[in-house]
Amino acid sequence: MRKLTAALFVSVDGVVESPNRWQFDSFDDELAAEMTSMIDRVDTVLLGRIGYEEWKGYWPKVQKGDPFGDFINPVEKFIASRTLTGEQEWQNTSVIDGTLEQFVAAQKNLAGGEISVCGSISVVRQLFFAGLLDSLTLMMHPVIAGAGRHLFEPTDPVTRLILQNSRSTPTGNTILSYGVRAV
């Protein structure tokens, strides 16, 4: 069975939205190496509509040699959307037909590498609370963002987690991977 993962940048105060606005100089070589290790295992990416629309205007134009661009452009991508239909302009991109949960459950039973949710807070939340996400990695930067969307909401249920892996980098980032703890 394939593993479903998600990784998000997060500030100390819990903001996950628009990390380009608050990452600053804490993105170091060790964090880059960790991200490279993560994407080396992935052969299928899930995106939300908003993330897709933001990324399709940027990543296809990035010069060859950019590590994330070289990964995200050719990889198989699926968009979770209720409004997009038909063929998409970004290579290897399709809109999910049917419900996200059913699609992901079927994908997990296919042969292949990891499936990763990229750049979609709502898709991560939906799959996490549906019990389909095997690992949630939070890459915490040593910064208080002050404003922006959080991954979890005050109305979310109490959910116990198990730490799968942790490490820190020289600039003060902490990389924490969690799974849902069985109760």
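Residues numbered from 1 in each chain as written. Predicted model: local features only at pLDDT ≥ 70, side-chain atom pairs only at ≥ 80, totals over all residues. Heavy atoms only, no water.

1. Notes on the overall build of the protein
What the protein contains, in helices and strands, is five helices and eight strands. Counting from the amino terminus, the protein carries its helices and strands in the arrangement β-α-β-α-α-β-β-α-β-α-β-β-β. For 183 residues, the compact-globule estimate of 2.2 N^0.38 gives 16 Å, and the C-alpha radius of gyration of the protein, at 16 Å, lies within 12% of that figure. Oriented by its inertia axes, the alpha-carbon framework of the protein measures out at about 45 × 40 × 30 Å. Here the protein holds 183 residues, and the buried ones make up 45% of them. In the protein, of all internal contacts separated by at least 6 residues, the share reaching a separation of at least 24 is 70%. A gap of 5 Å separates the mean positions of the 16 positive and 22 negative side-chain charges of the protein. (Helix = DSSP H or I, 4+ residues; strand = E, 2+ residues; numbered from the N terminus. Rg over C-alpha atoms; globule rule 2.2 N^0.38 Å. Buried < 20%, exposed > 50% of the residue type's maximum accessible area, 1.4 Å probe, protein only. Contact = heavy atoms within 4.5 Å. Lys, Arg positive; Asp, Glu negative; His and termini not counted. Charge placed at Lys NZ, Arg CZ, Asp CG, Glu CD.)

2. A few points about the pairing of strand β7 (residues 161-168)
Across seven bridges, β7 lies against strand β8 (residues 174-180) in antiparallel orientation. Along β8, the bridge assignment pairs S168 with T174. Counted between consecutive antiparallel strands, the loop separating β7 from β8 contains five residues, among which G172 sits at a positive phi close to 100°. (Pairing = 2+ DSSP bridges.)

3. Here's the deal with the sheet that holds strand β4 (residues 93-95)
Overall, mixed pairing links the eight strands, which are arranged β4-β3-β2-β5-β1-β6-β8-β7 in an open sheet. At either end of the open sheet lies a strand with only one pairing partner, and these are β4 and β7. For this sheet, the mean inter-axis angle between neighbouring strands, taken without regard to orientation, is 25°. Relative to the sheet, helix α2 (residues 49-56) contacts β2 (42-48), β3 (76-80) and β4, its axis offset from that of β2 by approximately 110°. (Axes fitted to C-alpha atoms, helices over the stretch in contact; angles between N-to-C directions.)

4. Some details on the pairing of strand β1 (residues 4-11)
Within β1, seven of the eight residues are buried, which leaves it mostly tucked inside the rest of the structure. Inspection of the sheet shows β1 paired to strand β5 (residues 114-117) by three bridges, in the parallel sense. Opposite A6, over in β5, you have V117 as the bridge partner. Sheet topology note: the β1/strand β6 (residues 135-141) ladder contains seven bridges and is parallel. Considered in β6, the bridge of L8 is made with L138.

5. Some details on the packing of aromatic side chains
Taken as a whole and judged by the stated rule, the model has eleven aromatic pairs. Ring centres 4.9 Å apart and planes at 85° place the aromatic pair Y58 and W59 in the edge-to-face group. Under the relative-accessibility criterion, W59 is labelled buried at 15%. Ring pairs connect the aromatic residues W55, Y58, W59, F68 and F71, which therefore count as one cluster. The ring of W90 carries K77 above its face, with NZ or CZ at 4.6 Å from the centroid. (Phe/Tyr/Trp six-rings, centres within 6.5 Å; stacked < 30°, edge-to-face > 60°. Lys NZ or Arg CZ within 6 Å of the ring centre and 35° of its normal.)

6. Describing the side chain of Q23
As for its placement among the helices and strands, Q23 is situated in the loop between β1 and α1 (29-40). Within the structure, Q23 has its side chain in polar contact with the side chain of H141 (distance 3.2 Å). If we skip the residues at most four places from it in the chain, Q23 touches F9 and H141. (Polar contact = N/O pair within 3.5 Å; in protein donor to acceptor, adjacent residues only side chain to side chain.)

7. Structural notes on α2
Listing the buried residues of α2 in full gives G51, Y52 and W55. What you see down the axis of α2 is that its buried residues fit within an arc of 100°, all on one side. Exposed and oriented more than 90 degrees from the buried face of α2 are I50 and E54. Structurally, α2 contributes buried residues whose contacts are with β2, α3 (67-72), β3 and β4. (Arc of directions from axis to C-beta.)

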